[in-house]
Amino acid sequence: QQQVKQSPQSLIVQKGGISIINCAYENTAFDYFPWYQQFPGKGPALLIAIRPDVSEKKEGRFTISFNKSAKQFSLHIMDSQPGDSATYFCAAGFTGFQKLVFGTGTRLLVSP
Amino acid sequence: EAGVTQSPTHLIKTRGQQATLRCSPISGHTSVYWYQQALGLGLQFLLWYDEGEERNRGNFPPRFSGRQFPNYSSELNVNALELEDSALYLCASSLYTGTDTQYFGPGTRLTVL
């Protein structure tokens, strides 16, 4: 019940295309859903996060779509750029317990 | 503003030895978290410290332990090292004011031979 399933494991997108990464969770008590971006040799960096009271959140080229009834959320990267090539992790957490449960990551490659 | 720092960058140990990893949080942050990032397994929550106390623990054996010092820096100790302990160990910090945002350090790569 604490798992977060992430797909696909890897993704190749052409420059200018849309990258879509999906995550699904079981525990309906989760109330915080962040996405992290990790470049090789670096720690993960928070990209964008959403709470279940909204269905979509957009920050620049990055959008989270949240479907509470389906227990799914996804990251959309519009106009993907080679600099977006990185590993992306979704996560879920409980406010107050400060513990994040991470997906297994998606390695994104944006080809020039 | 300096980010989360970790030391050492790399650590090589042999099976059965002990490893000590260190983390300095962002100035003003009181909460420190430890995660293990093994190849292909994503990040697994290890420990959470706040105000010097262990607040939460992941599903790891007791040979994984740590502490938080009065200056909020933290130490992760791994005793009786096993080959499968080889991983990137990430430290994160946050302001414990109800915010959930965790800021990660670059990690310590532990290799157990």
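Okay, so let's go over this structure. All of these numbers come straight from a predicted model, not from anything done at the bench. (Residues numbered from 1 in each chain as written. Chains lettered and ligands numbered in written order. Predicted model: local features only at pLDDT ≥ 70, side-chain atom pairs only at ≥ 80, totals over all residues. Heavy atoms only, no water.)

**Notes on the pairing of strand β9 (residues 86–93) of chain A**
A regular strand places its side chains on the two faces of the sheet in alternate fashion. Residues and elements named next belong to chain A. Burial of β9 is extensive: eight of the eight residues sit out of reach of the surface. Residues Ala86, Tyr88, Cys90 and Ala92 of β9 are buried on one face, and the alternating residues Thr87, Phe89, Ala91 and Gly93, pointing to the opposite face, are buried as well. Two strands pair when backbone bridges link them, and strand β4 (residues 33–38) and β9 are joined in this way by four bridges, in the antiparallel orientation. Paired with tyrosine 36 across the two strands is phenylalanine 89, which belongs to β9. Pairing of β9 with strand β11 (residues 106–111) involves three bridges; the strand directions are antiparallel. (Buried < 20%, exposed > 50% of the residue type's maximum accessible area, 1.4 Å probe, protein only. Helix = DSSP H or I, 4+ residues; strand = E, 2+ residues; numbered from the N terminus. Pairing = 2+ DSSP bridges.)

**Some details on the pairing of strand β7 (residues 64–68) of chain B**
All names here are of chain B. Sheet topology places β7 next to strand β8 (residues 74–78); five bridges connect them, and they run antiparallel. Its bridge partner lying in β8, serine 65 is registered against asparagine 77. The loop that links β7 with its antiparallel partner β8 comprises five residues; one of these, tyrosine 72, has a positive phi angle of about 75°.

**As for the packing of aromatic side chains**
All names here are of chain A. Per the counting criterion, the structure on display carries 18 aromatic pairs over all chains. Their ring planes at 70° and their centres at 6.2 Å tell us that tyrosine 25 and phenylalanine 30 sit as a pair that is edge-to-face. For tyrosine 25, a relative accessible area of 5% translates into the label buried. Overall, phenylalanine 30 belongs to the buried group, its relative accessible area being 2%. When the ring of phenylalanine 33 is compared with that of phenylalanine 66, the centres are 4.8 Å apart and the planes differ by 45°; the resulting orientation is tilted. In this pair, phenylalanine 33 is assigned in strand β4 and phenylalanine 66 in strand β7 (residues 62–67), connecting sequence segments 33 residues apart. Residues phenylalanine 33 and phenylalanine 66 agree in their burial class; the two are buried. (Phe/Tyr/Trp six-rings, centres within 6.5 Å; stacked < 30°, edge-to-face > 60°.)

**Quick look at the sheet that holds strand β8 (residues 72–77) of chain A**
All names here are of chain A. Spatially, β1-β3-β8-β7-β6 is the arrangement adopted by the five strands of the open sheet, whose pairing is antiparallel. On the outer flanks of this sheet lie β1 (4–7) and β6 (56–59), each paired with one strand and no other. Strand after strand, the sheet turns through a mean of 15° between neighbouring axes, direction not considered. Taken together, the six bridges between strand β3 (residues 19–25) and β8 define a ladder with antiparallel strand orientation. Across the sheet, the residue bridging to isoleucine 20 is histidine 76, located in β8. (Axes fitted to C-alpha atoms, helices over the stretch in contact; angles between N-to-C directions.)

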